[in-house]
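So you can see what is in the structure, the chains are spelled out below.
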Amino acid sequence: MDYKNAGVDIEAGYRSVELMKEHIRKTVRPEMLGGIGGFSGAFSMKAFKDMENPTLVSGTDGVGTKLKLAFIMNKHDTVGIDCVAMCVNDIACAGGEPLFFLDYIACGKNYPEKIAEIVKGVADGCVQAGCSLIGGETAEMPGFYPTEEYDLAGFSVGVVDEKDLITGADLKEGDVLIGMASSGVHSNGFSLVRKIFDMTRESLETYYEELGTTLGEALLAPTKIYVKALKSVKKAGVRIKACSHITGGGFYENVPRMLKDDVKAVIKKDSYPTPAIFRLMAEKGDVEEQMMYNTYNMGIGMILAVDPADVDVTMKAIRQAGEDPYIVGKIEAGEKGVELC
């Protein structure tokens, strides 16, 4: 009896690392020290040594049950982007610049080419976010996960000068809410998605005219990464007063997190186009509108609040970063919360 007979293939692990390396190299920042494959990742502090009061911000998350669709479709090259996005968007939402990222893959069986495909997506996400993939772990766990399945999670660290933290503390009545378009469902609410649609290869490969693609491709569209857009706004000289990453819990849970106690967010539902995938989900699943907005981003993945005088500059900066902005509402005096109208 040996480890391989017990279900853990060490040689496959070595092969996975070798296949990963070409993807990881794309993410290297000047501050990344050492090579790939060490026991830990090292990152120089020179990236923030000139800040008045450098403050570390961090984020951790996973892809969730969206992975079930990747298993069915045998498509693993984009879920890594989702994993990175869920972490770095939270960091950017606080005003931080993501510096580095670590991933964790747990699988029933290590198929090196599949693992490399997953890591390629992680690396692509890191490139979009401008951070280094500094390390990670691939754990082969036979008997714990089915042979063809895996879980994917990650952790990121960023930095911001304390004076530039986005806290919502100086929000005031009349401030304008600007939303950035999502790419679709992103990585939240897939337990409900999997109840709405049949989770079969045939169902996911069905082409829908209103989607302009197959159901599976629409649902697997990777989560938008908003780091460059928020950095572009900051570079344009705009102070973002508050920011909300619209993830699990949709508008009703996430928007209030950006507010202080004496203001509310008023958002107009018709101020931006709702992607067809959400209309299809509501129709097929007979999901009430309230529940849709309480579960999904409904087409807006990030919302920021700025002074009315900064709206035009903000919209221009977001467009220059390649994202689509919409004026979606405003801040009003009242009990802390969100009002959709």
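Quick caveat: nothing in here was measured; it's all calculated off a predicted structure.

Draft legend 1. Representation of the sheet that holds strand β4 (residues 97-107) in the model. If you trace the 4 strands from one edge of the open sheet to the other, you get β3-β6-β4-β5, paired in mixed fashion. The open sheet has two free edges, formed respectively by β3 (54-62) and β5 (132-140), since each of these has just one partner strand. Strand-to-strand, the axes of this sheet are offset by a mean angle of 15°, without reference to chain direction. Here β3 pairs with strand β6 (residues 150-161) via 9 bridges, running antiparallel. What sits directly across from S58, in β6, is V157.

Draft legend 2. Layout of the nonpolar core. Of all hydrophobic cores here, the largest spans 48 residues; its most connected members are F101, Y150 and L304. Ranked by size, the runner-up nonpolar core spans 43 residues in total, among them L177, A265, A305 and V338.

Draft legend 3. Inspection of empty space enclosed by the protein at higher detail. Under the criterion given, the structure shown has 1 cavity of 30 Å³ or more. Quantified by volume, the largest cavity comes out at close to 40 Å³. Every residue along the wall of the largest cavity is listed here: C107, K109, Y111, K114, I115, I118, T147, E148, E149 and Y150. A total of 3 residues in the lining of the largest cavity trace back to one element, the largest contributor, which is helix α4 (residues 112-129).

Draft legend 4. Quick look at the environment of C83. Tracing the backbone shows C83 in helix α3 (residues 79-93). On a C-alpha basis, the gap between C83 and T200 in space is 23 Å, while along the polypeptide they are 117 residues apart.

Draft legend 5. A look at the packing of α3 against α4. Running from N to C, α3 and α4 cross one another at 40°; their axes reach a closest spacing of 6 Å. In terms of orientation, α3 lies oblique with respect to α4. The two elements α3 and α4 meet at a crossing, and its hand is right-handed. Between α3, through G80, I81, V84 and V88, and α4, the contact on the second element is made entirely by I118, G121, V122, D124, G125, C126, Q128 and A129. Residue composition of the contact of α3 with α4, by class: 7 nonpolar, 4 polar and 1 charged.

Draft legend 6. Up close: unusual backbone geometry. Not every positive phi belongs to a glycine, and N74 is a case in point at roughly 50°. What makes N74 exposed here is its relative accessible area of 52%. In this model, M298 sits at a positive phi of 55°, which is unusual for a non-glycine residue.

Draft legend 7. Geometry of helix α10 (residues 276-285). Among all positions in α10, only A276, I277, F278, L280 and M281 are buried. Contact partners of the buried residues in α10: α5 (190-196), β8 (207-208), α7 (215-220) and α11 (289-293). Just past α10, the residue D286 takes up positive phi, approximately 50°.

Draft legend 8. Broad picture of the side chain of N297. One can find N297 in the loop between α11 and β12 (300-306). Its relative accessible area of 2% is what places N297 among the buried residues. Reaching out from N297, the side chain makes a polar contact with the side chain of S182 at a distance of 2.7 Å. Residue contacts for N297: discarding those within four places in its chain leaves S182, G184, V185, H186, I246, F251, Y272 and F278.

Draft legend 9. Geometry of the pairing of strand β11 (residues 263-267). Among the 5 residues of β11, 5 are classified as buried, and the element is accordingly described as predominantly covered. Going residue by residue along β11, you find V263, A265 and I267 tucked away on one face and K264 and V266 tucked away on the opposite face as well. Strand direction decides the pairing type here: β11 and strand β13 (residues 325-333), joined by 5 bridges, are antiparallel. The partner of K264 across the bridge, within β13, is E332. Where β11 and strand β14 (residues 337-340) come together, 4 bridges link them in parallel fashion. Directly across from V266, in β14, lies its bridge partner E339.

Parameters and conventions
- Residues numbered from 1 in each chain as written.
- Predicted model: local features only at pLDDT ≥ 70, side-chain atom pairs only at ≥ 80, totals over all residues.
- Heavy atoms only, no water.
- Pairing = 2+ DSSP bridges.
- Helix = DSSP H or I, 4+ residues; strand = E, 2+ residues; numbered from the N terminus.
- Axes fitted to C-alpha atoms, helices over the stretch in contact; angles between N-to-C directions.
- Core = buried A, V, L, I, M, F, W, Y, C linked by side-chain atoms within 4.5 Å.
- Buried < 20%, exposed > 50% of the residue type's maximum accessible area, 1.4 Å probe, protein only.
- 1 Å grid on protein atoms, 1.4 Å probe; cavity = no way out; pocket = protein on both sides within 12 Å on 5 of 7 lines; lining within 4 Å.
- Points joined across faces, edges and corners; volume = space filled by probe spheres on them.
- Parallel < 35°, antiparallel > 145°, perpendicular 65-115°, else oblique.
- Left-handed = near helix turned anticlockwise from the far one by under 90°.
- Contact = heavy atoms within 4.5 Å.
- Nonpolar A, V, L, I, M, F, W, Y, C, P; charged D, E, K, R; others polar.
- Polar contact = N/O pair within 3.5 Å; in protein donor to acceptor, adjacent residues only side chain to side chain.

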